[in-house]
Amino acid sequence: MPETEGGVMNMAVYLITYDLNKSGQSYDKLYEQIKSCGAWWHYLDSTWLVDSTLNATQIRDRMKSAMDDNDFCLVIKLTNENYQGWLKKKAWDWIHEHLGHSRY
């Protein structure tokens, strides 16, 4: 169930990263599950950002259905207070739009 406050859906951006450890494992089902969580960004291998009304547990549960028992994942809610990196402008534009922060 999406998170709500006073009947209004709360959106949050989550960083999702994972390791699929089985040789030859298909990423298609996992990608579909991640994309189903909300607006998404995927510029780095095994790392996604998702703007979603779901919470971290709900996102993890969707991913789990597409993963094996020996795979790993991490889902973290992001804030617009402190982040940095080396990315293309298009990637920063998505991050700033979805985190509500407009500085470079």
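Residues numbered from 1 in each chain as written. Predicted model: local features only at pLDDT ≥ 70, side-chain atom pairs only at ≥ 80, totals over all residues. Heavy atoms only, no water.

> If you had to explain the packing of aromatic side chains to someone new, which residues and values would you point to?
If you walk through the whole model with that rule in mind, you get six aromatic pairs. Seen from their ring centres, Y31 and W48 are 5.2 Å apart, and the 55° between their planes marks the pair as tilted. You can see Y31 sitting in helix 1 (residues 28-35) and its partner W48 sitting in strand 5 (residues 47-52), a full 17 residues away along the chain. Its relative accessible area of 1% is what places W48 among the buried residues. On the basis of an interplanar angle of 50° and a centroid distance of 5.1 Å, the ring pair of W41 and Y43 is categorised as tilted. With a relative accessible area of 38%, Y43 lands in the partly exposed category. Cluster of aromatic residues (ring-pair linked, three or more members): Y18, Y27, Y31, W40 and W48. (Phe/Tyr/Trp six-rings, centres within 6.5 Å; stacked < 30°, edge-to-face > 60°. Helix = DSSP H or I, 4+ residues; strand = E, 2+ residues; numbered from the N terminus. Buried < 20%, exposed > 50% of the residue type's maximum accessible area, 1.4 Å probe, protein only.)

> Can you explain the pairing of strand 4 (residues 39-44)? Please cite residues and give values.
Of the strand pairs in this sheet, strand 4 and strand 5 are connected by four bridges, and their pairing is antiparallel. Bridging across to strand 5, W41 finds its partner in L49. Counted between consecutive antiparallel strands, the loop separating strand 4 from strand 5 contains two residues, among which S46 sits at a positive phi close to 60°. (Pairing = 2+ DSSP bridges.)

> Outline unusual backbone geometry, supporting the account with residue identities and numerical values.
In the Ramachandran plot, S46 falls in the positive-phi region, its phi being about 60° despite a non-glycine side chain. Note that S46 resides in the loop between strand 4 and strand 5. Classification of S46 as partly exposed rests on a relative accessible area of 22%.

> Mind laying out the layout of surface pockets, listing which residues take part and the relevant values?
There is about 250 Å³ of room inside the largest pocket. In terms of lining residues, the largest pocket is bounded by 16 residues, among which L15, L49, Y83, Q84 and I95 are the most central. For the lining of the largest pocket, the elements supplying multiple residues, two or more each, are strand 4, strand 5 and helix 3 (89-99). Broken down by element, the lining of the largest pocket gets its largest block of residues, three residues, from helix 3. Of the residues belonging to the lining of the largest pocket, the class tally is 11 nonpolar, five polar and no charged. (1 Å grid on protein atoms, 1.4 Å probe; cavity = no way out; pocket = protein on both sides within 12 Å on 5 of 7 lines; lining within 4 Å. Points joined across faces, edges and corners; volume = space filled by probe spheres on them. Nonpolar A, V, L, I, M, F, W, Y, C, P; charged D, E, K, R; others polar.)

> I'd love a proper account of the environment of W41, names of residues and values included.
Note that W41 resides in strand 4. Sequence separation between W41 and W94 is 53 residues; the distance between their C-alpha atoms is 7.3 Å. Beyond its immediate sequence surroundings of up to four residues, W41 is in contact with T47, W48, L49, L87, A91, W94 and I95. (Contact = heavy atoms within 4.5 Å.)

Coordinates in, geometry out; function isn't part of it.
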